[in-house]
Amino acid sequence: MAKGETLGRKLVAERAGGQCEIAIPRLCTIRPHEWSHRKNRSQGGSWAASNGAHACHACHVWLTEHPQAAYANGWLVRQAYDQTAIPFRLRQTRLVLLDDAGEYLPASLRVMADLDNPQSGRMVSAITRKNRKELP
Ligand SMILES: [Zn+2]
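Residues numbered from 1 in each chain as written. Predicted model: local features only at pLDDT ≥ 70, side-chain atom pairs only at ≥ 80, totals over all residues.

J.: How would you summarise the pairing of strand β4 (residues 95–98) if you had to cite specific residues and measurements?
T.: Judged from the two bridges that link them, strand β3 (residues 88–89) and β4 form a sheet pairing that is antiparallel. Bridge pairing in β4 links Phe-88 to Val-96. Hairpin connection, β3 to β4: the antiparallel pair is bridged by five residues, and Arg-91 has positive phi, about 50°. Direction of pairing for β4 relative to strand β5 (residues 104–106): antiparallel, over a ladder of three bridges. Counterpart to Leu-97 in the pairing with β5 is Leu-105. Hairpin remark: β4 followed by β5, antiparallel, with five residues in the connecting loop; positive phi at Gly-102, about 85°. (Pairing = 2+ DSSP bridges. Helix = DSSP H or I, 4+ residues; strand = E, 2+ residues; numbered from the N terminus.)

J.: Describe the environment of Ala-72, and please don't skip the residues or the numbers.
T.: Checked against the element boundaries, Ala-72 lands in helix α3 (residues 67–72). Taking the C-alpha atoms as reference, Ala-72 lies 9.3 Å from Pro-87; in sequence the two are 15 residues apart.

J.: Kindly report on the sheet that holds β5, identifying the contributing residues and their values.
T.: The antiparallel open sheet is built from three strands, whose spatial order is β3-β4-β5. Among the strands making up the open sheet, the edge pair consists of β3 and β5.

J.: How would you explain helix α2 (residues 57–65) if you had to name every residue and give the values?
T.: Among all positions in α2, only Cys-59, His-60, Trp-62 and Leu-63 are buried. The buried side chains of α2 occupy one side of the element, clustering within an arc of 160° when seen end-on. Along α2, exposed side chains directed more than 90 degrees from the buried face belong to Thr-64 and Glu-65. (Buried ≥ 20, exposed ≤ 12 C-beta atoms within 10 Å, placed from the backbone. Arc of directions from axis to C-beta.)

J.: Pulling in residues and values, what's your account of the nonpolar core?
T.: Nonpolar side chains in soluble globular proteins generally cluster together in the buried interior. Ranked by internal contacts, the top residues of the largest apolar core, which has 27 residues, are Ile-22, Cys-59, Leu-63 and Trp-75. The set of elements that each furnish at least two residues to this core consists of α1 (5–16), β2 (52–55), α2 and α3. Broken down by element, the residue count for this core peaks at four residues, all from α3. In this view, Cys-59 contacts Cys-20, Ile-22, Ala-23, Ile-24, Leu-27 and Cys-28; residues no more than four positions away in its chain are not counted. (Core = buried A, V, L, I, M, F, W, Y, C linked by C-beta atoms within 7 Å. Contact = placed C-beta atoms within 7 Å.)

J.: Lay out the confidence of the model for the protein in plain terms, naming residues and giving numbers.
T.: Summary statistics for the protein give a mean pLDDT of 83 and a share of 78% for residues scoring 70 or more. pLDDT under 50 marks residues 115–133. Its contacts with residues more than four places away, or in other chains, come to 13 contacts. (pLDDT = per-residue confidence, 0-100.)

J.: Give a description of the environment of Gln-19 that names residues and reports values.
T.: Secondary-structure assignment places Gln-19 in the loop between α1 and β1 (34–37). The spacing of Gln-19 and Thr-29 is ten residues in sequence and 9.1 Å in space, taken between C-alpha atoms.

Right under this line is the structure:
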């Protein structure tokens with residue numbers, strides 16, 4: 001097993017409380033049994049709790065088939081970014097940050113300010129709105 005995998009899986013499973021953290025409407029089977037990497041292993045993604053989502057198989061497959069929406073919602077994170085600083089849309093509701101201790105942190109005011117920055121944020125919001133329409 002890869003370095004940190006056992007601990008990462010344990011922390012993420014406990015954080016999720018037995019429920020899928022993605023929750024694509026009308027698709028999610030709720031009960032999760034898969035680790036979904038935010039940064040793929042092939043891109044150097046680790047087993048840190050911040051890099052994983054507890055996902056049901058249906059949502060996990062959906063993420064791989066809809067990468068644009070997955071990136072816009074923080075379910076996938078591009079290699080160049082720090083996954084602990086990228087908001088994660090938890091079960092289609094609030095945005096949270098994921099830390100390596102297996103906790104949800106409120107997306108900070110700084111992050112929210114970044115999201116409002118015309119240089120980055122409105123674009124992110126527009127992408128998010130656009131991709132939300134792709135949700136089934
Ligand atoms: Zn699901």
